[in-house]
Amino acid sequence: MAKGEIEINENCCLGCGFCEEFCSRGCIEMTDKLSLLGLPLPAVTAPEKCNACGICGWMCPHLAIEVYKYSEDTLTTAV
Ligand code: SF4
Ligand code: SF4
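The present account deals with the structure reproduced in this document. Keep in mind that this is a model prediction, so the values were computed, not measured.

What the rule picks out here adds up to one salt bridge. The shortest N-O distance in the salt bridge between glutamate 10 and lysine 33 comes to 3.2 Å. In this pair, glutamate 10 sits in the loop between strand S1 (3-8) and helix H1 (18-22) while lysine 33 sits in strand S2 (residues 28-34), placing the two residues 23 residues apart along the sequence. Residue class for lysine 33 comes out partly exposed when judged on its relative accessible area of 49%.

This is how it looks when you write it as structure tokens:
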């Protein structure tokens, strides 16, 4: 199965929690950490479970998530 990695841009995140809600593999959790705007930030708490499905990136209304997909030895942008 494909393996992925995501990067969350905390400066773009507005704390909606969609990424946590829609990741079916439970990779992301909202935290108590606050952004510069005082909004809750998500964290990737189970990165090993990510399969690069891209759903968190599609669901993020603020384009704060970049999804990378491992393809053999390379890492490519999936979303
Ligand atoms: S790419 Fe898919 S599996 Fe990976 S964190 Fe996002 S929603 Fe979860
Ligand atoms: S979906 Fe996007 S804006 Fe919402 S909490 Fe996740 S990273 Fe932040």
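Picking up after the structure, the text goes on.
The local shell around ligand 1 consists of Ile6, Cys23, Arg25, Cys27, Ile28, Cys50, Asn51, Ala52, Cys53, Gly54, Cys56 and Val67. Here the residues of the shell around ligand 1 are counted per class, giving nine nonpolar, two polar and one charged.

Pairing of S2 with strand S3 (residues 40-44) involves four bridges; the strand directions are antiparallel. Each residue of the ladder has a partner; that of glutamate 29, found in S3, is alanine 43. Between S2 and the antiparallel strand that follows it, S3, lie five residues; glycine 38 among them carries a positive phi value of about 80°.

To continue, consider the packing of aromatic side chains. Counted by the stated rule, this structure contains one aromatic pair. Both rings, one in phenylalanine 18 and one in phenylalanine 22, keep their centres 6.0 Å apart while their planes meet at 85°; by these two values the pair is edge-to-face. Of this pair, phenylalanine 18 and phenylalanine 22 are both found in helix H1, four residues apart, which corresponds to roughly one turn of the helix.

So, about the environment of lysine 3. Tracing the backbone shows lysine 3 in strand S1. The exposure class assigned to lysine 3 is partly exposed, which follows from its relative accessible area of 39%. With 46 residues separating them in the primary sequence, lysine 3 and lysine 49 have C-alpha atoms 8.0 Å apart. For lysine 3, the contacting residues outside a window of four places in its chain are Pro47, Glu48, Cys50, Asn51, Ala52, Tyr68, Lys69 and Tyr70. A distance of 3.4 Å separates a polar side-chain atom of lysine 3 from the backbone oxygen of glutamate 48.

Rules behind the numbers
- Residues numbered from 1 in each chain as written.
- Chains lettered and ligands numbered in written order.
- Predicted model: local features only at pLDDT ≥ 70, side-chain atom pairs only at ≥ 80, totals over all residues.
- Heavy atoms only, no water.
- Salt bridge = Lys/Arg side-chain N within 4 Å of Asp/Glu carboxyl O.
- Helix = DSSP H or I, 4+ residues; strand = E, 2+ residues; numbered from the N terminus.
- Buried < 20%, exposed > 50% of the residue type's maximum accessible area, 1.4 Å probe, protein only.
- Near = heavy atom within 4 Å.
- Nonpolar A, V, L, I, M, F, W, Y, C, P; charged D, E, K, R; others polar.
- Pairing = 2+ DSSP bridges.
- Phe/Tyr/Trp six-rings, centres within 6.5 Å; stacked < 30°, edge-to-face > 60°.
- Contact = heavy atoms within 4.5 Å.
- Polar contact = N/O pair within 3.5 Å; in protein donor to acceptor, adjacent residues only side chain to side chain.

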